[in-house]
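Residue-level listing of the chains:
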Amino acid sequence: MLFNSYPFILVFLPLCLLGVFLFGKFGWTRAASLWLSAASLGFYAWWNPDPTAAWSPKYLGIIVGSIVANYLLGVRISAAVGRGAPAAAKAALTFGVVANLGVLAYFKYANFLVENFNALAGTHVEIGRIALPLAISFFTFTQIAYLVDAFHGVTKEYNFRWYLLFVSFFPHLIAGPIVLYRSLMPQFAKAETWRFNAENFAGGLTLFAFGLFKKAVIADTLSPLANAIFESVAHGSQPGACVAWVGALAYTLQLYFDFSGYSDMAIGVGMMFNVRFPLNFNSPYKARDIADFWRRWHITLSTFLRDHLYIPLGGNRHGPIRRYSNLFLTMLLGGLWHGAGWTFVVWGALHGSYLIVNHAWVGAIKGQAWAQAGVMRFGGRMVTLLAVIVGWVFFRAKTVPQAVEILAGMVGANGAALPLQLKPQLAAVAARLHLDFAIAPFKVQALWMVAVATVIALCAPNTDELFRLAIRTKESTSEPLPVWRPSTGWAVLTALVLAVSIFQLSGVTEFLYFQF
């Protein structure tokens, strides 16, 4: 089930809220938590890669089996820690991490590995097409973090009912944020969490409405534009500079508003249930450098990779060479986490290289007064944005050669013809610059959405700065801007934004991060 669908907005969410707060009103916390867990599993089971089937009990079995297995492992690890048996605890943790990653690797990478083995060895090994269960990357990482916390004695919960709710709670289940047991379960333990709170509901609904607007009105409007250009390249076209840049920018902005919208909606729905999630998205295209970008983009994933991969590899504790190799490997694996394909490998390698260059540059200019000048800060933002756009081209393209073709077009290798549709307006300019016109695979009106979305992403305050409804983290970089409060004006604006967004839902599309 999708957040941006009529069944979710008009049926599932209202019934789920009604059941939780009815049980909570009478103090029936156990019934309320079981209702919410059952609803969350139903939310998950609604999804099916087979469009002819309404729901998928097969994939529901995978997540339930994963929850049961990891709960039992967590109990075993905590018990070993409690009786002073660190070797047994470490063995159980190692088994749990390897088993979780093994299941993830099978579903996510088996086809990729077999295809590449066949290509290299000239064999014809067949394993059939393995469908990727929805959200397996997210609930796998969530549970690995739980096992690690159990090993360190941070998590000592032996109640399966609470653990089931922790993993399955539907607002964060599909595409994050990746939450920690120690931050979520104390909230469920409070009696007031299970009782209706008008202010939390209003704040959550407002954030949900703005997130839905980002997805339905902005991201889904940019989607056909990006798809048309990338698909034309997949079919053999060689885009000129104008078309290539429009395609790259359209996807850059589509992904921004798609994921930002999802993050807002997830935090907003959590707020309706009186649950606060950590901030997961914080104007990443305003980043001053690539390290700052990763403090702003998918914050909970960046934190997970730092805490459970980069630091265990040695972090920055063993000199610059080891630090750079750890950064590169972390981002390479982060790229593979997003998808089984060489384009994701290149994307991860690019960002690993970006971080190495960034840290070397920061070290070289440390203490230099000119490095703090406004023009340098602006230049840093533009270089960072350009590097991110180049990376997104590989992220979106189906193959590496297709991504290279887009990039070649962006640097003018295929000419710089302007869209024929703009000839009446730009004929004089084109003649002066000796530019030609060519038919472009998009409508000129779509360029207005690219322009508007660019201004919003680079200049406007984000929804977190307006509402401040997420849990503050040290990864947060913006200062409070207390604008939102429960009021008639905000209620009217929220209703208007929600209405416009709902009327745009005729063609429901999945969130881009669902495929990861």
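In case you missed it, the structure is sitting above this.
If you're wondering where the values come from, they're calculated on a predicted model, not measured in any experiment.

What counts, and at which threshold
Here, residues in each chain are numbered from 1, in the same order as that chain's written sequence. Predicted model: local features are reported for residues with pLDDT of at least 70 only, side-chain atom pairs are reported and counted for 80 or more only, and whole-chain, interface and lining totals are derived from all residues. Side-chain descriptors were evaluated using all non-hydrogen atoms of the structure, hydrogens and water having been removed beforehand. Strands are runs of DSSP state E lasting at least two residues, helices are runs of H or I lasting at least four, and both sets are numbered from the N terminus onward. For every residue, the accessible area obtained with a 1.4 Å probe (protein chains only) is divided by the maximum for its type, and the residue is called buried under 20%, exposed over 50%, and partly exposed between those limits. Whether two residues are in contact is decided by their heavy atoms: any pair within 4.5 Å suffices. In this description, accessible areas are obtained by the Shrake-Rupley approach with a 1.4 Å probe, and a residue is regarded as covered only by the protein chains that are shown. Here, nonpolar core means buried Ala, Val, Leu, Ile, Met, Phe, Trp, Tyr and Cys residues that are tied together by side-chain atoms lying within 4.5 Å of each other. Here, a salt bridge means any Lys or Arg side-chain nitrogen found within 4 Å of an Asp or Glu carboxyl oxygen. Excluding any residue in a salt bridge, patches collect residues exceeding 30% relative accessible area, merging like charges within 9 Å and nonpolar Val, Leu, Ile, Met, Phe, Trp and Tyr side chains within 5 Å.

**Things to note about the overall build of the protein chain**
- In terms of helices and strands, the protein chain carries 20 helices and two strands.
- Counting across all 516 residues of the protein chain, residues that qualify as buried make up 52%.
- Residue pairs in contact within the protein chain that sit at least 24 positions apart in sequence constitute 72% of those at least 6 positions apart.
- When the accessible surface of the protein chain is totalled, it reaches about 23100 Å², and 68% of it is carbon and sulfur.

**A short note on the nonpolar core**
- Residues F8, F170 and F273 are the most contacted members of the largest nonpolar core, which totals 154 residues.
- Here the element with the most residues in this core is helix α10 (residues 241-272); it accounts for 18 residues.
- Here F273 is in contact with L13, C16, L17, V20, F21, L36, F169, F170 and T193, once residues within four sequence places are set aside.

**Description of the environment of F304**
- Take F304: it is sitting in helix α12 (residues 299-310).
- Its relative accessible area of 9% is what places F304 among the buried residues.
- Distance in space between the C-alpha atoms of F304 and I178 is 8.0 Å, their sequence separation being 126 residues.
- In contact with F304, not counting residues within four places along its chain, are F141, I144, A145 and L309.

**What about unusual backbone geometry?**
- In the Ramachandran plot, N274 falls in the positive-phi region, its phi being about 65° despite a non-glycine side chain.
- By the element assignment, N274 lies in the loop between α10 and α11 (290-296).
- One non-glycine residue, S283, lies in positive phi territory at about 45°.
- The residue S283 is located in the loop between α10 and α11 in this model.

**A short note on the pattern of salt bridges**
- Throughout the structure, instances matching the rule amount to 10 salt bridges.
- Notably, a salt bridge pairs E231 with K398, separated by 3.2 Å at the nearest N-O pair. Here the residue E231 occupies a position in helix α9 (residues 198-234), and K398 occupies one in the loop between α15 (374-396) and α16 (400-410), the gap between them amounting to 167 residues.
- On the accessibility criterion, E231 (26% relative accessible area) is partly exposed.
- R306 serves as the salt-bridge partner of D307, at 2.9 Å between the closest nitrogen and oxygen.
- Accessibility expressed as a relative area gives 33% for D307, which makes it partly exposed.
- Residue R306 is classed as partly exposed on the basis of its relative accessible area, which comes to 28%.

**Looking at a nonpolar patch on the surface**
- Where nonpolar side chains cluster on the molecular surface, the patch consists of Y6, L10, V11, L15, L18, L22, F26, W28 and W35 and spans about 930 Å² of accessible area.
- Per-element accounting of the nonpolar patch gives the leading share, six residues, to helix α1 (residues 6-25).
- Tracing the sequence through the fold places W35 in helix α2 (residues 29-45).

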